[in-house]
Amino acid sequence: MAKKKQVGRRVEGWKAKSWFKVHTPDNLGKAYIGDTIANDADSVVGRIMHATLGEITNDYAKQHMKMSFKINTVTGDSAYTEFVGHEVTRDYLRSLVKRRSSRIDTIVPITTKEGKKVRLTVCTYTFARANLSQEHAIRGEIMKGIAAQAGAWDLTTLLNGIVSGEISRDLFKAVKTIYPTRRVEVIKSKVEPVAAPVDTS
């Protein structure tokens, strides 16, 4: 009898919850990316949702790019998000690696116009193996190229640049003059969470 009562309570608790349809930010067309369940709208805010860029744009050539979004507003049964980062799949990264060549990772912290702190990981793939001084020069050029543009980026502009490949193309043009380069990819981005205010009372 006790077990039956427990099951009944669980079912009642489940029924009391509501489903919310989650959508991407405006610049990704407010695309529907899934549902989340909660007791109320307030407990939905702050949740992280994931979807591939291929699912969002219906372009399955972009399935390798995993996007992350944080729910920031809820209207009725619809939840809307902001971009908080992306990462490309390991399979895709492995497909880019060639024998007798170099993969050069550069981690670049930036601050957007609206004060968002973001860490970008940029990966450069060369045609042949680069030496240490060439790797250093490539990393320097990547950091210089991003620093020259980052001051004009808000989070929306940054997301558009990652999704369209524009940032990667601009960096490729700069880096290929240093050493024969096959490809440049922004393989990861992460928007750093805002620190909670310290209570001094």
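Whatever comes next refers back to the structure up there.
Residues numbered from 1 in each chain as written. Predicted model: local features only at pLDDT ≥ 70, side-chain atom pairs only at ≥ 80, totals over all residues. Heavy atoms only, no water.

Buried residues of helix 6 (residues 166–175): Ile-167, Ser-168, Leu-171 and Val-175, and no others. The buried side chains of helix 6 occupy one side of the element, clustering within an arc of 95° when seen end-on. Contacts made by the buried residues of helix 6 are with strand 7 (117–126), helix 4 (132–150), helix 5 (155–164) and strand 8 (181–191). (Buried < 20%, exposed > 50% of the residue type's maximum accessible area, 1.4 Å probe, protein only. Helix = DSSP H or I, 4+ residues; strand = E, 2+ residues; numbered from the N terminus. Arc of directions from axis to C-beta. Contact = heavy atoms within 4.5 Å.)

Time to look at helix 5. An α-helix turns once per 3.6 residues; consequently, residues spaced three or four apart project the same way. Taken residue by residue, helix 5 has Leu-155, Leu-158, Leu-159, Gly-161, Ile-162 and Val-163 as its buried positions. N-cap assignment for helix 5: the residue whose side-chain oxygen lies 3.3 Å from the backbone N of Thr-156 is Asp-154. Trailing helix 5 by a residue or two, Gly-165 shows a phi angle of about 85°, which is positive. (Polar contact = N/O pair within 3.5 Å; in protein donor to acceptor, adjacent residues only side chain to side chain.)

What follows is about the layout of surface pockets. Quantified by volume, the largest pocket comes out at close to 340 Å³. In this structure, the largest pocket is lined by 18 residues; those nearest its centre are Gly-165, Ser-168, Arg-183, Val-184 and Glu-185. Counting only elements with at least two residues in the lining of the largest pocket, the list comes to helix 5, helix 6 and strand 8. Sort the elements by how many residues they give to the lining of the largest pocket and strand 8 lands first, with five residues. (1 Å grid on protein atoms, 1.4 Å probe; cavity = no way out; pocket = protein on both sides within 12 Å on 5 of 7 lines; lining within 4 Å. Points joined across faces, edges and corners; volume = space filled by probe spheres on them.)

It is worth spelling out the nonpolar core at this point. Of all hydrophobic cores here, the largest spans 42 residues; its most connected members are Met-67, Ile-110, Leu-120, Ile-142, Ile-146 and Leu-158. Each of domain 1 (18–86) and domain 2 (90–191) contributes no fewer than three residues to this core. Excluding anything up to four places from it in sequence, Leu-120 contacts Thr-106, Ile-107, Val-108, Ile-110, Ile-146, Trp-153, Leu-158, Ile-162, Val-186, Lys-188 and Ser-189. If you look at the next biggest cluster of nonpolar residues, it comprises seven residues, including Val-88, Leu-93, Tyr-125 and Ile-187. (Core = buried A, V, L, I, M, F, W, Y, C linked by side-chain atoms within 4.5 Å. Domains from an automatic or database assignment.)

Packing of helix 4 against helix 6 brings their axes to within 10 Å, and their N-to-C directions diverge by 135°. Compared by their axis directions, helix 4 and helix 6 come out oblique. Handedness of the crossing formed by helix 4 with helix 6: right-handed. Contact residues: Ile-138, Glu-141, Ile-142, Gly-145, Ile-146 and Gln-149 in helix 4; Asp-170, Leu-171, Ala-174 and Val-175 in helix 6. Class assignment for the residues of the contact of helix 4 with helix 6 results in six nonpolar, two polar and two charged. (Axes fitted to C-alpha atoms, helices over the stretch in contact; angles between N-to-C directions. Parallel < 35°, antiparallel > 145°, perpendicular 65-115°, else oblique. Left-handed = near helix turned anticlockwise from the far one by under 90°. Nonpolar A, V, L, I, M, F, W, Y, C, P; charged D, E, K, R; others polar.)

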